[in-house]
Amino acid sequence: MKAALLLVRFAAAVVGDDRYREQWEADVVGAPELGLSPLRVAFGALVAVVFLPSKGTLMAPVGPLGIALKHAGTPRGRVLAIAVVSALLLLGGVAMLFA
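Please read these numbers as outputs of a predicted model, since none were measured by experiment.

Thresholds, definitions, all that
- Residues numbered from 1 in each chain as written.
- Predicted model: local features only at pLDDT ≥ 70, side-chain atom pairs only at ≥ 80, totals over all residues.
- Heavy atoms only, no water.
- Core = buried A, V, L, I, M, F, W, Y, C linked by side-chain atoms within 4.5 Å.
- Buried < 20%, exposed > 50% of the residue type's maximum accessible area, 1.4 Å probe, protein only.
- Helix = DSSP H or I, 4+ residues; strand = E, 2+ residues; numbered from the N terminus.
- Contact = heavy atoms within 4.5 Å.
- pLDDT = per-residue confidence, 0-100.
- Axes fitted to C-alpha atoms, helices over the stretch in contact; angles between N-to-C directions.
- Parallel < 35°, antiparallel > 145°, perpendicular 65-115°, else oblique.
- Left-handed = near helix turned anticlockwise from the far one by under 90°.
- Nonpolar A, V, L, I, M, F, W, Y, C, P; charged D, E, K, R; others polar.
- Phe/Tyr/Trp six-rings, centres within 6.5 Å; stacked < 30°, edge-to-face > 60°.
- Lys NZ or Arg CZ within 6 Å of the ring centre and 35° of its normal.
- Expected span 1.5 Å × (residues − 1).
- Arc of directions from axis to C-beta.

Ranked by size, the top nonpolar core spans twelve residues in total: Ala-4, Leu-5, Val-8, Ala-11, Ala-12, Val-15, Tyr-20, Trp-24, Val-28, Ala-42, Ala-45 and Val-49. Broken down by secondary-structure element, the contributors of at least two residues to this core are helix H1 (2-15), helix H2 (18-30) and helix H3 (38-51). Per-element accounting of this core gives the leading share, six residues, to H1. If near-sequence neighbours (up to four positions away) are discounted, Ala-12 is found in contact with Asp-17, Tyr-20, Arg-21 and Trp-24.

Turning our attention to the environment of Leu-39. As for its placement among the helices and strands, Leu-39 is situated in helix H3. Sequence spacing of Leu-39 and Lys-2 is 37 residues, and the spatial spacing of their C-alpha atoms is 9.1 Å. Not counting the four nearest positions on each side in its chain, Leu-39 is found in contact with Ala-3, Ala-4 and Leu-7.

Turning next to the confidence of the model for the protein chain. On average, residues of the protein chain score 79 in pLDDT, and 77% of them are at 70 or above. Mean pLDDT across the elements of the protein chain bottoms out in helix H4 (residues 64-70) (62) and peaks in H2 (90).

What follows deals with the packing of H2 against H3. For the pair H2 and H3, interaxial distance at closest approach is 8 Å and the crossing angle is 155 degrees. Accordingly, the angle class assigned to the pair H2 and H3 is roughly antiparallel. Relative to H3, H2 is oriented so that their crossing is right-handed. For the pair H2 and H3, contact is made by Trp-24, Asp-27 and Val-28 and by Pro-38, Val-41, Ala-42, Ala-45, Ala-48 and Val-49, respectively. In terms of residue class, the contact of H2 with H3 is made up of eight nonpolar, no polar and one charged.

We now examine the side chain of Glu-25. With respect to the helices and strands, Glu-25 occurs in helix H2. Not counting chain neighbours up to four residues away, the residues in contact with Glu-25 comprise Leu-5, Val-8 and Arg-9.

Before going further, it helps to examine the packing of aromatic side chains. Evaluation of the coordinates by the stated rule reveals one aromatic pair. Of note, Arg-19 hangs over the ring of Tyr-20, and the distance from its end group to the ring centre comes to 4.9 Å.

Compared with the 20 Å implied by 1.5 Å per residue over 14 residues, the 20 Å span of H3 between its first and last C-alpha is a close match. Among the residues making up H3, those that are buried are Pro-38, Ala-42, Ala-45 and Val-49. The arc that holds every buried residue of H3, seen down its axis, measures 50 degrees, which confines them to one face. Turned more than 90 degrees from where H3 packs its buried face, Arg-40, Val-50 and Phe-51 sit exposed. Close packing links the buried residues of H3 with H1 and H2.

Written out as structure tokens, the structure reads:
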């Protein structure tokens, strides 16, 4: 049981969220009542860490081209307008970032 709790605490530390730590610790403690192995529940938490989205370390690229491609089934004029407006907003944001 102690090893399972240590694994869960490690997994929560990797994610960086105390909410997960509390939930996963409760899952480990309650696992024997359900006939589950606490160690297997802890390994499940480790697997979840691999598939949880990270907190702001990597963001999917979304820019004018991505927004325009999202509307690819629409007429070309609308796609061009979306791309131009998005590019202007992006350039404005970059200008404010370095101003």
